[in-house]
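# Overview (structure and organization)
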Amino acid sequence: MFSSLLHLAVFFVISASIAPFSSSKPAAAPPTKIGNGYRLISVDKSSDGALIGHLQVNRKNNIYGPDIPLLQLYVKHETGDRLRVHITDARQQRWEVPYNLLPREKPPAPSKQTAGQSSENPSTPTELAGGELTFTYITDPFSFGVKRKSTGEILFNSAADESSPYNSLVFKDQYLEISTKLPEDASLYGLGENTQPHGIKLYPNDPYTLWTTDQSAINLNMDLYGSHPVYMDLRNVGGEAKAHGVLLLNSDGMDVAYRGTSLTYKVIGGIFDFYFFSGPSPLAVVDQYTQLIGRPAPMPYWSLGFHQCRWGYHNLSVVEDVVENYKKAEIPLDVIWNDDDHMDGHKDFTLNQKNYPHPKLINFLNKIHARGMKYIVIIDPGIGVNSSYGTYQRGLANDVFIKYEGKPFLAQVWPGPVNFPDFLNPKTVSWWVDEIRRFHELVPVDGLWIDMNEASNFCSGLCSIPKGKQCPSGTGPGWICCLDCKNITKTRWDEPPYKINASGTPVPIGYKTIATSAVHYNGVLEYDAHSIYGFSQTIATHKGLQGLQGKRPFILTRSTFVGSGHYAAHWTGDNKGTWDDLKYSISTMLNFGIFGIPMVGSDICGFYPAPTEELCNRWIELGAFYPFSRDHANFYSPRQELYQWKSVAKSAKNALGMRYKLLPYLYTLTYEAHTTGAPVARPVFFSFPNITKLSGLSTQFLLGSSLMVSPVLDKHQTKISVMFPPGTWYNLFDLRRAVIAKETESFSMDAPLHVINVHLYQNTILPMQRGGMISREARTTPFTLIVTFPAGATTGEAKGKLYIDNDELPEMKLGNGESTYVEFNAKAENGIVKVWSEVEGGKFAVKKGLIIEKVTVVGLAGVGGGFSVEVDGGGLDVAAVEVVETEHLFMEELKGKGRKKSKMVEVKGLEIPVGKGFLMTWKMVVN
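Because the structure is predicted, anything quoted here is derived from the model rather than measured.

Here the focus is the overall build of the protein chain. For the protein chain, the helix and strand inventory stands at 14 helices and 54 strands. Its C-alpha atoms give the protein chain a radius of gyration of 29 Å, near enough to 30 Å, the size a compact globule of 927 residues would have. Split into buried and exposed, the 927 residues of the protein chain put 62% on the buried side. Here the contacts in the protein chain between residues at least 6 apart in sequence split such that 71% fall between residues at least 24 apart. Approximately 32,500 Å² of the protein chain is accessible, and the part contributed by carbon and sulfur atoms is 51%.

Structure below.
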């Protein structure tokens, strides 16, 4: 919501006289010397092959507090491609991300006894080899390295010397520091959530601070709503690229200083819990990462349709009009949303009976549900302090709220004074699940949108409800703090010795959130648990939705952490209706794919202020290809539904019309994401990692491995420069048109107002349907298979996949009788073209009556005879089948470059059941 915009304004005032942390600054001065690291005093191997050692501090100092004198080192190759390096206090337990929230192997617990003698001599550098990664170490000062076994390349090296711009290992109660050297030409991605003005690659000397914060996504290079301390490192050596990943699993606040040739973590608590993923491809890194943190959640089919929302749908009649206007405009729409307008006084799990009368709302929901549409509402974590509010009273009775000095911590959000549920408490989860059940009995929503869960607070410090005045007053903006508050500075948790660059300003880390000295279940401090607050709420919400009717949940969350994608989708928060924000949305979307949250998108046309008509045209053209596609606007902005402008409606019908034809492909990609972690939207380099000029490409992206989206991102443009990797690329909107790139090169492409360039790569089989105004009807229409070969080819192969299921079932899997998986193949060789399918679980698709009505093959010569189709071993009557051939149209720049003739062959009039294997063959014309 809009609170982050005020948050921004306040920060501007605070920081007006402070020089911003800018990438244009000169290189940082040498660091303050903090001790001389640690030395390894013992090392041994455990029965399961892990290495356990102890580190003793070399020279104590009190910069940022006293050193922890003895550390425990635990190193284990957990899989053939994943290495864990865990460093903690050897004598007492320290805060770690809770194992019940993020399940993983537990290392040995710290012992109060000192380390015994080692079975190995720690004075000699040695190593622990695994499948593809090898752990190496030096004893004094202790440092460790990780290298790739197959090449010997050093992937991580924590050694420091006198010339290093960082320290050796530092481990204090509230300050931990460790660094790695990097090759200058490495390309790094990740470390979010932030808005990166330079594109998807990390940029040397930009600040990367991780601390979940409710500040608008328009803030560049600042900590935003989520915390993801993971990066992917892509290196090209001798023309061959290899990628690896590094996760520091730690929820405490941190600054990460990336200098181009090194990277330094400065963390204000917790432990060092590193995971290294060997790759070597970008997709393999994400696969290995999500294998650890949890595969992306299965998504219901309808969630891939178009969504419409607005903060400011004042009553039910407005919502009804929006739905009908989309229908009249013939713009696809699957889901209608309410921000908090439906609530009674902004209170969760309530209904405003005046503006959203219950009987009329139920009638409306019955009507849209009958049509196949869905309805989602917002929920914020702050629970209004109100003696007549059942949710609050039940919460008090169950003791579910975060405490400060023994009492529920008081904050202010939209309802006014609120308490925050403590989702680390099992009783809170049970209460929350029950509140969701109660609300669903009142309003049968189809999903939940959890917002403001960083957590956001309109006030700071220790607050009380003022006596003698109404708070909030009911007039003016609702985000102005009206509680009586005083700063909390008496503890080291509120004023830690090291100040992270939170919000880019010198304010306490508890500013506009829960006080960091507040206490969760079992004495856990908000200081440590702050950045997992939204994650813990997401898990509780998922449990609540899953328990309702056994259906597949849909949750949209603003605050995220490592593993959030296992439960929820994400939108990128409060953006602006500007061309810059349009550009930034691509990099943020691609980053979240790497973070294991592939269902992601930005507010189409911008959350605020009013977008221009041209911008909204271009934004829906791009937004129609976000994995999560939703138009959302701010209370104070003019209406911006896609039908408000005739020109935007035209662009929407064109772009969303294509999206709805692509729904089976997009749904198959979500299955791929759920089973392998593969992002739905990916950087182009994912499919072409060896091409270095693609490593920073941030204005184009892929859906899956071979569908490239190239939007217009600047005003007044009717032509754009599109970079094409080598090969043949076919225009998805007109398959006759193709671009042949002999090498990675840019071409000027026409892009009039209602056109977005989308190209399909060679060697692909793309399943599509006819589309429709709603996903429920679109998914029942006949299929077309688009088969692409290199233009002019006489030999070649193409492949594709299709997954369909009963999307109401919680799990997305094969073998349950409610799903079908098809692998499509095509081959051209010896003058014969073959297209065939291999089907698993075909009965489900047969039961649904799904058929293939057309196969379009592009890039080869025409049909020379011998046409036949067999279905599951039997012949198919081809009397009604029509074969149409069309010459390809190539760009003017490509004529005369030795291009061979090729055609588009359309085989129409088919009725091949999707659930049955088939074989189609014909002879090619000999040129």
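Right, let's talk about the environment of Glu840 for a bit. Mapped onto the fold, Glu840 is located in strand 46 (residues 832-840). Looking at Glu840, the relative accessible area reads 44%, which means it is partly exposed. Counting along the chain gives 37 residues from Glu840 to Tyr803, while the straight-line C-alpha distance between them is 9.7 Å. Among all residues touching Glu840, those that are not within four sequence positions of it are Leu814, Ser819, Thr820 and Tyr821.

Mapping Gln72 onto the fold places it in strand 3 (residues 70-79). A polar side-chain atom of Gln72 sits 3.1 Å from the main-chain carbonyl oxygen of Pro108.

Next up on the list: the packing of helix 10 (residues 613-623) against helix 11 (residues 646-661). As a packed pair, helix 10 and helix 11 sit with axes 8 Å apart at the nearest point and diverge in direction by 5°. The angle between helix 10 and helix 11 places the two elements in the roughly parallel class. Of the residues in helix 11, those touching helix 10 at Glu613, Cys616, Asn617, Ile620, Glu621 and Gly623 are Ser647, Val648, Ser651, Ala652, Ala655, Leu656 and Arg659. Split into classes, the residues belonging to the contact of helix 10 with helix 11 amount to six nonpolar, four polar and three charged.

Let's shift gears to the pattern of salt bridges. Counted by the stated rule, this structure contains 45 salt bridges. For Glu105, the salt bridge is made with Lys76, and the minimal N-O distance between the two is 2.8 Å. With a gap of 29 residues between them, Glu105 in the loop between strand 4 (82-89) and strand 5 (126-129) and Lys76 in strand 3 connect regions that are remote in the sequence. For Glu105, a relative accessible area of 32% corresponds to the partly exposed category. Of the charged contacts in the structure, one is a salt bridge between Arg295 and Asp287, with a shortest N-O distance of 2.8 Å. Judged by its relative accessible area of 27%, Asp287 falls in the partly exposed class.

Adjacent strands of a sheet form backbone hydrogen bonds with each other and so pair up, either parallel or antiparallel. Strand order in the open sheet made by the eight strands is 1-2-3-4-17-14-13-11, with antiparallel pairing throughout. At either margin of the open sheet sits one strand with a lone partner, and together these are strand 1 (38-45) and strand 11 (187-192). When the angles between neighbouring strand axes are averaged without regard to direction, this sheet yields 15°. Bridge analysis of strand 3 against strand 4 gives eight bridges, and the strand direction is antiparallel. Counterpart to Val75 in the pairing with strand 4 is Val85.

In this structure, the second largest pocket encloses a volume near 730 Å³. The wall of the second largest pocket is formed by 33 residues, among which Trp302, Lys374, Arg779, Asp807 and Glu808 lie closest to the centre. Going through the elements one at a time, helix 8 (533-549), helix 13 (775-778) and strand 44 (796-805) are the ones with two or more residues in the lining of the second largest pocket. Sort the elements by how many residues they give to the lining of the second largest pocket and helix 8 lands first, with three residues. The residue makeup of the lining of the second largest pocket, split by class, is 13 nonpolar, nine polar and 11 charged.

Strands sit in the order 21-25-24 across an open sheet of three strands; the sheet is antiparallel. Looking at the sheet topology across the chains shown, the edges are occupied by strand 21 (383-384) and strand 24 (410-413). Sheet analysis places strand 24 next to strand 25 (residues 416-419), joined by four bridges and oriented antiparallel. Note on strand 25: the bridge partner recorded for Leu410 is Asn419.

A few words on the state of the cysteines. Taken as a whole and judged by the stated rule, the model has four disulfides. Note on cysteine connectivity: Cys463 is disulfide-linked to Cys485, with sulfurs 2.1 Å apart. What sets the handedness of the Cys463 and Cys485 disulfide is the S-S torsion sign, and at about 110° it is right-handed. Of this pair, Cys463 sits in strand 27 (residues 462-464) while Cys485 sits in strand 28 (residues 484-486), and the two are 22 residues apart along the sequence. When its relative accessible area of 11% is taken as the criterion, Cys463 is described as buried. Each disulfide pairs two cysteine sulfurs, and for Cys471 the partner residue is Cys482, the sulfurs being separated by 1.9 Å. Residues Cys471 and Cys482 are joined through a disulfide that is right-handed, its torsion about the S-S bond being 75°. Residue Cys471 is found in the loop between strand 27 and strand 28, and its partner Cys482 is found in the loop between strand 27 and strand 28; the two are separated by 11 residues along the sequence. Taken as a pair, Cys471 and Cys482 share a single burial class, namely buried. Along the protein chain, the cysteines engaged in disulfide bonds are linked according to the scheme 1-4, 2-6, 3-5, 7-8 when indexed in sequence order. Left unpaired, Cys309 is separated from the closest cysteine sulfur, that of Cys605, by 13 Å.

Criteria and cut-off values
- Sequence order as written defines residue numbering, which begins from 1 separately in each chain.
- In keeping with the predicted nature of the model, local features appear solely for residues at pLDDT of at least 70, side-chain atom pairs appear and are counted solely at 80 or more, and the whole-chain, interface and lining totals rest on all residues.
- Values reported for side chains reflect all heavy atoms of the structure, with hydrogen atoms and water molecules removed beforehand.
- Only runs of H or I of at least four residues qualify as helices and only runs of E of at least two qualify as strands under DSSP, and these elements are numbered from the N terminus.
- Values of the radius of gyration come from C-alpha atoms, whereas the globule rule sets the reference at 2.2 Å times the count of residues to the power 0.38.
- Three exposure classes are used, based on accessible area relative to the maximum for each residue type with a 1.4 Å probe and protein chains only: buried under 20%, partly exposed in between, and exposed over 50%.
- Contact between two residues is taken to exist if any of their heavy atoms lie within 4.5 Å; hydrogens are not considered.
- Working definition of accessibility: Shrake-Rupley area with a 1.4 Å probe, residue cover restricted to the visible protein chains.
- Within 3.5 Å is the distance limit for a polar contact, defined as a pair of N or O atoms, with the added protein rule that one can donate a hydrogen and the other accept it, and that residues adjacent in sequence qualify only through two side-chain atoms.
- In this analysis an axis means a line fitted to C-alpha atoms, helices contributing only their contacting stretch, and an angle means the value between N-to-C directions, from 0 to 180 degrees.
- Convention used here: angles under 35 degrees read as roughly parallel, angles over 145 as roughly antiparallel, angles from 65 to 115 as roughly perpendicular, and any remaining angle as oblique.
- In this classification, the charged set is Asp, Glu, Lys and Arg, the nonpolar set is Ala, Val, Leu, Ile, Met, Phe, Trp, Tyr, Cys and Pro, and all remaining amino acids, among them Gly, are polar.
- Salt-bridge detection follows one rule: a side-chain nitrogen of Lys or Arg within 4 Å of a carboxyl oxygen of Asp or Glu.
- Between any two strands, at least two bridges found by DSSP are needed for them to pair.
- Residues are called lining when one of their atoms sits within 4 Å of a cavity or pocket point, these points coming from a 1 Å grid over the protein atoms alone, where a cavity is a set in which a 1.4 Å probe fits but cannot get out and a pocket is an open set with protein on both sides within 12 Å along at least five of seven lines.
- Grid points are joined across faces, edges and corners, and a volume is the space filled by probe spheres set on the points.
- In this description, a disulfide is simply a cysteine sulfur pair whose atoms lie within 2.5 Å.

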